[in-house]
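# Coordinate inspection notes
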Amino acid sequence: MASEALKAGVHLEVDSGFRSYRYQKQVLEKAMADGVSFDVAVRWIAPPGYSEHITGRVVDFSPSDLTFSRTAAYAWLRANASFFCFGESYPETRAGGFSWEPWHWRHEDCGTDR
Ligand SMILES: [Zn+2]
């Protein structure tokens, strides 16, 4: 997918892929050590065992924050990622649960892998 994007002049830079239970725990603990309460932190950081990153089917593109939604990479993904069986896990229009994560994309079995 990244090489196809590059043909269109779009550089897809991966910020994060697989994360172990232990690493996810560290990410959450670090946010809380920085003064973020658990209730606030879990809006953005799944508790260990609840992150899609443990599945190995998920990538976070860089920058992994809301500014990603204004990048050419995000526009390219919105138009093309489905051809590569990738979809947004937490789209802007998703009701409840996780906040919008435009940088976070999950690979699905869709039978049309190129
Ligand atoms: Zn993610």
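Okay, so let's go over this structure.

Rules and cut-offs
Residues numbered from 1 in each chain as written. Predicted model: local features only at pLDDT ≥ 70, side-chain atom pairs only at ≥ 80, totals over all residues. Heavy atoms only, no water. Donors = N, O, S within 2.8 Å, 3.2 Å for Na, K, Ca; no water. Tetrahedral: all angles 85-135°; square planar, octahedral: opposite > 155°, others 65-115°. Helix = DSSP H or I, 4+ residues; strand = E, 2+ residues; numbered from the N terminus. Buried < 20%, exposed > 50% of the residue type's maximum accessible area, 1.4 Å probe, protein only. Pairing = 2+ DSSP bridges.

Turning our attention to the coordination of the zinc ion. Ideal geometry at a metal gives 109.5 degrees between four tetrahedral donors and either 90 or 180 degrees between six octahedral ones. Around the zinc ion, the protein contributes the donor atoms His53 (NE2), Asp60 (OD), Asp60 (OD) and His104 (ND1), at 2.0 to 2.7 Å from the metal centre. If you look at the zinc ion, its four donor atoms make angles of 53 to 154 degrees with each other, and the shape they trace is irregular. Mapping the donors of the zinc ion onto the primary sequence yields the spacing H-x6-D-x43-H. Of this pair, His53 sits in the loop between α3 (38-41) and β2 (58-61) while His104 is found in strand β4 (residues 104-107), placing the two residues 51 residues apart along the sequence. A residue is classified by how much of its surface remains accessible, and His53, at 2% relative accessible area, is buried. Under the relative-accessibility criterion, His104 is labelled buried at 2%.

Our focus in this paragraph is the pairing of β4. Within a regular beta strand, the side chains point alternately toward one face of the sheet and then the other, so they alternate between its two faces. With three bridges connecting them, β2 and β4 associate as antiparallel partners. When the bridges of β4 are listed, Val59 appears paired with Trp105.

With that settled, the discussion passes to unusual backbone geometry. Here the amide bond leading from Ser62 into Pro63 is cis, since omega sits at 0 degrees, within 30 degrees of zero. Within the chain, Cys85 stands out as a residue other than glycine whose phi angle is a positive 65 degrees. Mapped onto the elements of the fold, Cys85 is located in the loop between α4 (72-80) and β3 (86-88).

What follows concerns the pairing of β2. Neither face of β2 is exposed, since Val58 and Asp60 on one face and Val59 and Phe61 on the opposite face are all buried. Looking at chain direction, strand β1 (residues 14-16) and β2 are connected through two bridges and run antiparallel. Each bridged residue has a counterpart across the sheet, and for Val14 the counterpart in β2 is Phe61.

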